[in-house]
Amino acid sequence: MRPRLVVDYGLAKRAALARLRSGRLARDDACDAHPYLLRAAKYHGEPTDKRCPVCRRERLTHVTYVYGDELGRYAGRVKATSELAEMAREYGEFRVFVVEVCQGCAWNHLTVSYVLGHGEEPRGQRG
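Just so it is clear, the structure is predicted and the values come from calculations on it, not from any experiment. (Residues numbered from 1 in each chain as written. Predicted model: local features only at pLDDT ≥ 70, side-chain atom pairs only at ≥ 80, totals over all residues. Heavy atoms only, no water.)

Let us look at the overall build of the protein. Summing up its helical and strand segments, the protein has four helices and six strands in all. The linear arrangement of helices and strands in the protein, starting from the amino end, is β-α-α-α-β-β-β-α-β-β. The C-alpha extent of the protein, read off along each of the three principal axes, is 55 × 30 × 25 Å. A total of 127 residues make up the protein; the buried ones form 38% of that total. Across the protein, contacts joining residues at least 24 apart in sequence account for 59% of those joining residues at least 6 apart. When the accessible surface of the protein is totalled, it reaches about 8,100 Å², and 48% of it is carbon and sulfur. Averaged over its 22 positive side-chain charges, the protein has a centre that lies 6 Å from the centre of its 16 negative ones. (Helix = DSSP H or I, 4+ residues; strand = E, 2+ residues; numbered from the N terminus. Buried < 20%, exposed > 50% of the residue type's maximum accessible area, 1.4 Å probe, protein only. Contact = heavy atoms within 4.5 Å. Areas by Shrake-Rupley, 256 points an atom, 1.4 Å probe, with all protein chains shown as cover. Lys, Arg positive; Asp, Glu negative; His and termini not counted. Charge placed at Lys NZ, Arg CZ, Asp CG, Glu CD.)

If you want it as structure tokens, here you go:
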């Protein structure tokens, strides 16, 4: 499983945190996780060792979403990291988005996105 087209959102995260700490961003605007995202973090998320950069009390949880035309009804679903290798063997291409979530203060931020898949066209589209 080799990720391609990796986008790291670390700079955007640092900028958001700097705006929050300087008062240019309200805490309510920074800590605005949707109830569905909080529920996904609680039941399907993967705990990390990193503390929340806002409240500093809770450990962050990663929620991993997958999107792609080939995924059909599985597009937009939360997947465990352990499921991604099998999906990469099964599908030609799909994008993975990892969101960090604090279940305490509702901080959330997209951390990384990347493309996985075996790189071949779907069977029905091969010419």
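Having seen the structure, we can now continue with the description.
Below, the discussion takes up helix α1 (residues 10–22). Helix length check: α1 (13 residues) gives 18 Å between terminal C-alpha atoms against 18 Å at 1.5 Å per residue, within 8%. Every buried residue of α1 is accounted for by Gly-10, Lys-13, Ala-16, Leu-17 and Leu-20. End-on, the buried residues of α1 take up no more than an arc of 125 degrees, which puts them together on one face. Away from the buried face of α1 by more than 90 degrees, exposed residues Leu-11 and Arg-14 are located. (Expected span 1.5 Å × (residues − 1). Arc of directions from axis to C-beta.)

Relative to the assigned elements, Cys-55 resides in the loop between β2 (46–51) and β3 (59–67). Spatially, the C-alpha atoms of Cys-55 and Ala-106 are 9.4 Å apart, while their sequence positions differ by 51 residues. Residues within four places of Cys-55 in sequence aside, it is in contact with Arg-27, Cys-102 and Cys-105.

Soluble globular proteins tend to bury their nonpolar side chains together. Residues Cys-52, Val-54, Cys-105 and Trp-107 are the most contacted members of the largest nonpolar core, which totals 22 residues. Every element with two or more residues in this core is listed here: α1, α3 (35–44), β3 and β5 (94–101). Ranked by size, the runner-up nonpolar core spans eleven residues in total, among them Val-66, Leu-71, Met-87 and Val-96. (Core = buried A, V, L, I, M, F, W, Y, C linked by side-chain atoms within 4.5 Å.)

The subject of this paragraph is the pairing of β3. As judged from the three bridges shared by β2 and β3, these two strands associate in the antiparallel manner. What sits directly across from Glu-46, in β3, is His-62. Across seven bridges, β3 lies against β5 in antiparallel orientation. Residue Val-63 lies in a different strand from β5, and its bridge partner there is Val-99. Here β3 pairs with strand β4 (residues 77–78) via two bridges, running antiparallel. In the sheet register, Tyr-65 faces β4, and the bridge partner there is Val-78. (Pairing = 2+ DSSP bridges.)

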